[in-house]
Amino acid sequence: MQAVETLTEITREPRSHRQMIAIDKLSLVFETNDGPVHALSDIDLTIHEGDFVSFIGPSGCGKTTLLRVIADLEQPTGGQIQVGGTSPEDARLNRLYGYVFQAPALFPWRSIASNCALPMEISAQPKAHRNAQIDKYLSMVGLQDFKHKFPWQLSGGMQQRASIARALCLEPELLLMDEPFGALDEITRDHLNMELLKIWKATGKTVVFVTHSIPEAVLLSTHIVVMSPRPGRIVKVIKSPLPRDKTWRCGIPKPLLRWPPRYVRHWPLIIRSIEVAEHDDAKATRKQAVVRGTGAGDRHHHYLVHRCAADERQPDDQYA
């Protein structure tokens, strides 16, 4: 117990208590020709300024839908949401957030610098300011020497870095990222994860990140939001005790000289905590399915139950 208290004392970092995102009892139902589709149900979530929050869960659980609600690209059918102390619509109109899509979404006929300039052109910012912002953020993502190249002349990873720079050029307080590295190879993905951590540390932005990868979520995040299959609910919010300065080697984070070895043991415990949260939700859903006479339920649930059946140990109380 003393070790846990000492760890908490060491890893506590001062940050603002301002609520960047506040969600209360939010739900979203899509009306289709085949009947209503319940995408999100009873979502309660608070994200503070400076946090790096990852949404994780099975495909179709509503991670991207929730991100789009925050961005005012989808309208909830119930509940309340505030972004930066205002409505999502006002946050969008005031350019409070930058959005990084799953694909780079760069215009092929515009150079990388011109693609980055586009949102600033739309907002009628002076050319000198646009050029300064482009140089600043292309340098930050390591693309300063490629500013006059076209997207088709860059690799997929470089294109995604350009899309991150474009999102940052408007100096948003909030960065929304929808599986930005999901289509990249593992080596490039690991490299960009570390680059993203450097950008987050340098800018102090609040980041909301959608991913399917548990190791990626653990590496990047201060908080991990585990979501259930549709209708999407928040099963658990896990606060990471890992330090913000991390490195990645062969897919496993290794301690730097300033990262004491006692932190290393938390890596598998956090992963275990996520799996247990998914496992418990899967068991509950399967029981409901049996009661309804609908069989074993979702294939993802079936997989998780069998994967976790051999080890029923609970994680440390710190992650429960």
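Above this note sits the structure.
This section reports on the structure supplied with the text. What you see is a predicted model, and the numbers here were worked out from it, not measured in a lab.

1. Topic: helix H5 (residues 127–140)
Residues lying three or four places apart along an α-helix face the same way, a consequence of the helix completing one turn every 3.6 residues.
Line of reasoning, step 1. Taking 1.5 Å per residue, 14 residues should reach 20 Å; H5 reaches 20 Å between its end C-alpha atoms and fits that length.
Line of reasoning, step 2. Every buried residue belonging to H5 is among Arg130, Gln133, Ile134, Tyr137 and Leu138, and all of these are buried. One side of H5 holds all its buried residues, which, seen down the axis, span an arc of 115 degrees.
Line of reasoning, step 3. For H5, the elements touching its buried residues are helix H4 (112–122), helix H6 (156–168) and helix H7 (186–203).
Line of reasoning, step 4. Once H5 ends, the next one or two residues include glycine 142, with phi positive near 80 degrees.

2. Some remarks on the pairing of strand S9 (residues 234–239)
Line of reasoning, step 1. One ladder, built from five bridges, connects strand S8 (residues 223–227) with S9; its direction is antiparallel. Paired with isoleucine 224 across the two strands is isoleucine 238, which belongs to S9.
Line of reasoning, step 2. Hairpin remark: S8 followed by S9, antiparallel, with six residues in the connecting loop.

3. Quick word on the nonpolar core
Line of reasoning, step 1. Of all hydrophobic cores here, the largest spans 35 residues; its most connected members are Leu138, Met177 and Phe209.
Line of reasoning, step 2. Among the secondary structure elements, those contributing two or more residues to this core are H4, H5, H6, strand S6 (174–178), H7, strand S7 (206–210) and helix H8 (214–220).
Line of reasoning, step 3. If we skip the residues at most four places from it in the chain, leucine 138 touches Ile112, Ala113, Cys116, Leu143, Gln144, Lys147 and Ala165.
Line of reasoning, step 4. Core analysis: the second largest hydrophobic core is formed by 31 residues, Leu40, Phe55, Val69 and Val225 among them.

4. Digging into the side chain of threonine 211
Line of reasoning, step 1. Tracing the chain through its elements places threonine 211 in the loop between S7 and H8.
Line of reasoning, step 2. Of the polar contacts made by the side chain of threonine 211, one reaches the backbone nitrogen of serine 213; its length is 2.9 Å.
Line of reasoning, step 3. Sequence-distant contacts of threonine 211, that is, excluding residues within four places in its chain, are made with Ser54, Phe55, Ile56, Gly57, Lys63, Glu179, Arg189, Glu216 and Ala217.

5. A closer look at the sheet that holds strand S3 (residues 52–56)
Line of reasoning, step 1. Pairing within the open sheet is mixed, and its six strands lie in the order S5-S6-S7-S3-S8-S9. Each edge of the open sheet carries a strand with a single partner, namely strand S5 (97–100) and S9. Each adjacent strand pair in this sheet contributes to an overall mean axis angle of 15 degrees, direction not counted.
Line of reasoning, step 2. Docked against the sheet, H6 engages S5 and S6, running at close to 165 degrees with respect to S5.

6. Digging into the sheet that holds strand S1 (residues 19–32)
Backbone hydrogen bonds are what pair the strands of a sheet, in a parallel or an antiparallel way.
Line of reasoning, step 1. Strand order across the open sheet formed by three strands is S2-S1-S4, with antiparallel pairing between neighbours. With one partner strand each, in any of the chains shown, strand S2 (35–48) and strand S4 (78–83) form the two edges of the open sheet. Averaged over all pairs of adjacent strands, the angle between their axes in this sheet comes to 20 degrees, without regard to strand direction.
Line of reasoning, step 2. By the bridge criterion, five bridges tie S1 to S4 in an arrangement that is antiparallel. The residue bridging isoleucine 23 from the neighbouring strand is isoleucine 81, located in S4.

7. Here's the deal with the pairing of S2
Line of reasoning, step 1. Inspection of the sheet shows S1 paired to S2 by ten bridges, in the antiparallel sense. Across the sheet, alanine 22 pairs through a bridge with threonine 46, a residue of S2.
Line of reasoning, step 2. Hairpin geometry of S1 and S2 is characterised by an intervening segment of two residues between the two adjacent antiparallel strands.

Cut-offs applied
- Residues numbered from 1 in each chain as written.
- Predicted model: local features only at pLDDT ≥ 70, side-chain atom pairs only at ≥ 80, totals over all residues.
- Heavy atoms only, no water.
- Helix = DSSP H or I, 4+ residues; strand = E, 2+ residues; numbered from the N terminus.
- Expected span 1.5 Å × (residues − 1).
- Buried < 20%, exposed > 50% of the residue type's maximum accessible area, 1.4 Å probe, protein only.
- Arc of directions from axis to C-beta.
- Contact = heavy atoms within 4.5 Å.
- Pairing = 2+ DSSP bridges.
- Core = buried A, V, L, I, M, F, W, Y, C linked by side-chain atoms within 4.5 Å.
- Polar contact = N/O pair within 3.5 Å; in protein donor to acceptor, adjacent residues only side chain to side chain.
- Axes fitted to C-alpha atoms, helices over the stretch in contact; angles between N-to-C directions.

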